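# Commentary on secondary and tertiary structure
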Amino acid sequence: MLKPLSAPAETVSDVGFRQIRQDIIAGVLAPGAKIKLEQAKERYSIGISSLREILSRLTTENLVVAEGQRGFEVSPASRQELAELADLRTVLESHAIGLSFVAGNLEWEGRIVAAYHKLTAAERNLLAGDASRTMDWVRYDWEFHQAIVSACNSATLMATLSSVFDRFLRYHMLARSFRGQAVVDDHKLLFELALKRDIDGARAVVHRHVQSGVEHVLGSGRLP
């Protein structure tokens, strides 16, 4: 995505942070894996001191665990954390929906329509068996949910929801499978309810959507 002309250029540390974070969420760096600094230095083309700073930042999101003198490892995955993240996401997204549906204007509706268009295109490909579009779907899924709550007028709420959403998404990436028609149907209904400003209806869909996601991950058999 193009950045505004006034936006500062990303530093090497910024790029490294984004790449490592994405690799953790995507499961490229597996839960519980030791992060060997020398290997990570080569992989991400970043100095050891900057790497330590990045990993320390990631501990604040519970994506990385610091082991004192023994270094860092990717945070383990657990059924307990999955349940906690599902509950927190539901609470945050439901609150943001209430605020956004009241304040949303025509531009907000336009963002939802545009995001939904991209999401449905990716979902059609996945339903047709094109697994290569999974990462597109991951991005468009967040953009759609983000668009719906984007009129909440709270940068703090949006940032917190984004972090929780990504940590919840990590579990779906571990499951390694698309949820199929049910998730497509949920998104269609949420799209319609958003444009109708139906707060209670949208909150009910989000609650069901998140809980069915938990059941899908647990049913994959990929959690201890």
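Residues numbered from 1 in each chain as written. Predicted model: local features only at pLDDT ≥ 70, side-chain atom pairs only at ≥ 80, totals over all residues. Heavy atoms only, no water.

## Quick look at helix α6 (residues 134–149)
Helix length check: α6, at 16 residues, gives a terminal C-alpha distance of 23 Å against a target of 22 Å (1.5 Å per residue), a fit within 8%. Listed as buried for α6 are D136, W137, V138, Y140, D141, W142, F144, H145, A147, I148 and V149. Of the surrounding elements, those touching the buried residues of α6 are α4 (79–103), α5 (106–127), α7 (155–175), α8 (181–196) and α9 (199–219). (Helix = DSSP H or I, 4+ residues; strand = E, 2+ residues; numbered from the N terminus. Expected span 1.5 Å × (residues − 1). Buried < 20%, exposed > 50% of the residue type's maximum accessible area, 1.4 Å probe, protein only. Contact = heavy atoms within 4.5 Å.)

## Focus: the pattern of salt bridges
Counted by the stated rule, this structure contains 13 salt bridges. One salt bridge in this structure joins R21 and D166, with 2.6 Å as the shortest N-O distance. With R21 in helix α1 (residues 12–26) and D166 in helix α7, this pair connects stretches of sequence that are 145 residues apart. The network of salt bridges with shared partners includes R21, E61 and D166. (Salt bridge = Lys/Arg side-chain N within 4 Å of Asp/Glu carboxyl O.)

## Brief notes about the packing of α5 against α6
For any two helices packed against each other, the geometry is given by the interaxial angle and the distance between the axes. With their axes 8 Å apart at the nearest point, α5 and α6 run at an angle of 155 degrees to one another. With respect to α6, the axis of α5 lies roughly antiparallel. In terms of crossing hand, the pair formed by α5 and α6 is left-handed. The residues of α6 that touch α5, namely those facing W108, R111, I112, A115, Y116, K118, L119, A122, E123 and L126, are T134, W137, Y140, D141, E143, F144, A147 and I148. When grouped by side-chain class, the residues that make up the contact of α5 with α6 number 12 nonpolar, one polar and five charged. (Axes fitted to C-alpha atoms, helices over the stretch in contact; angles between N-to-C directions. Parallel < 35°, antiparallel > 145°, perpendicular 65-115°, else oblique. Left-handed = near helix turned anticlockwise from the far one by under 90°. Nonpolar A, V, L, I, M, F, W, Y, C, P; charged D, E, K, R; others polar.)

## Considering the environment of M135
Topologically, M135 is positioned in helix α6. Residue M135 is classed as partly exposed on the basis of its relative accessible area of 45%. For the pair M135 and P31, spaced 104 residues apart in sequence, the C-alpha separation works out to 19 Å.

## Details of the packing of aromatic side chains
Across all of its chains, the model carries five aromatic pairs by this definition. Ring-pair connections join several aromatic residues into one group, and the members of that group are Y116, F144 and F191. For R57, the ring lying beneath its charged end belongs to F17, and the centroid distance is 3.8 Å. (Phe/Tyr/Trp six-rings, centres within 6.5 Å; stacked < 30°, edge-to-face > 60°. Lys NZ or Arg CZ within 6 Å of the ring centre and 35° of its normal.)

## As for the nonpolar core
Counting residues in each nonpolar core, the largest one holds 50 residues, and the members touching the most others are I112, F144 and I148. Put simply, the parts of the chain that give this core at least two residues each are α4, α5, α6, α7, α8 and α9. Considering every element that reaches this core, the biggest residue donor is α7, with 11 residues. Contact partners of I148, with chain neighbours within four places excluded, come to I97, S100, F101, W108, I112, L190 and A194. One finds I24, L29, L37 and I54 within the second-largest nonpolar core, a separate group that totals 17 residues. (Core = buried A, V, L, I, M, F, W, Y, C linked by side-chain atoms within 4.5 Å.)

## A look at the sheet that holds strand β3 (residues 72–74)
Backbone-to-backbone hydrogen bonds pair the strands of a sheet. The strands run either parallel or antiparallel. Pairing in this open sheet of three strands is antiparallel, and the strands run β1-β3-β2 from one edge to the other. Two strands in the sheet have a free side with no partner beyond their single neighbour: β1 (34–35) and β2 (64–66). By the bridge criterion, three bridges tie β2 to β3 in an arrangement that is antiparallel. By the bridge assignment, V65 is partnered in β3 with E73. (Pairing = 2+ DSSP bridges.)

## Digging into the confidence of the model for the chain
Here the chain averages 92 in pLDDT, and 96% of its residues register 70 or above. Here residues 1–7 scores under 50 on pLDDT; set against residues more than four positions off or in separate chains, the count is one contact. (pLDDT = per-residue confidence, 0-100.)

## Overview of unusual backbone geometry
Backbone geometry places N62, a non-glycine residue, at a positive phi of 60 degrees. For N62, a relative accessible area of 41% puts it in the partly exposed group.

## Examining the packing of α4 against α6
Contact geometry for α4 and α6: axes closest at 7 Å, N-to-C directions at 50 degrees. If you check the angle between α4 and α6, you find them oblique. Of α6, the residues touching α4 (which contributes R89, E93, A96, I97, S100 and F101) are H145, I148 and V149. A breakdown of the residues in the contact of α4 with α6 according to their chemical character gives five nonpolar, two polar and two charged.

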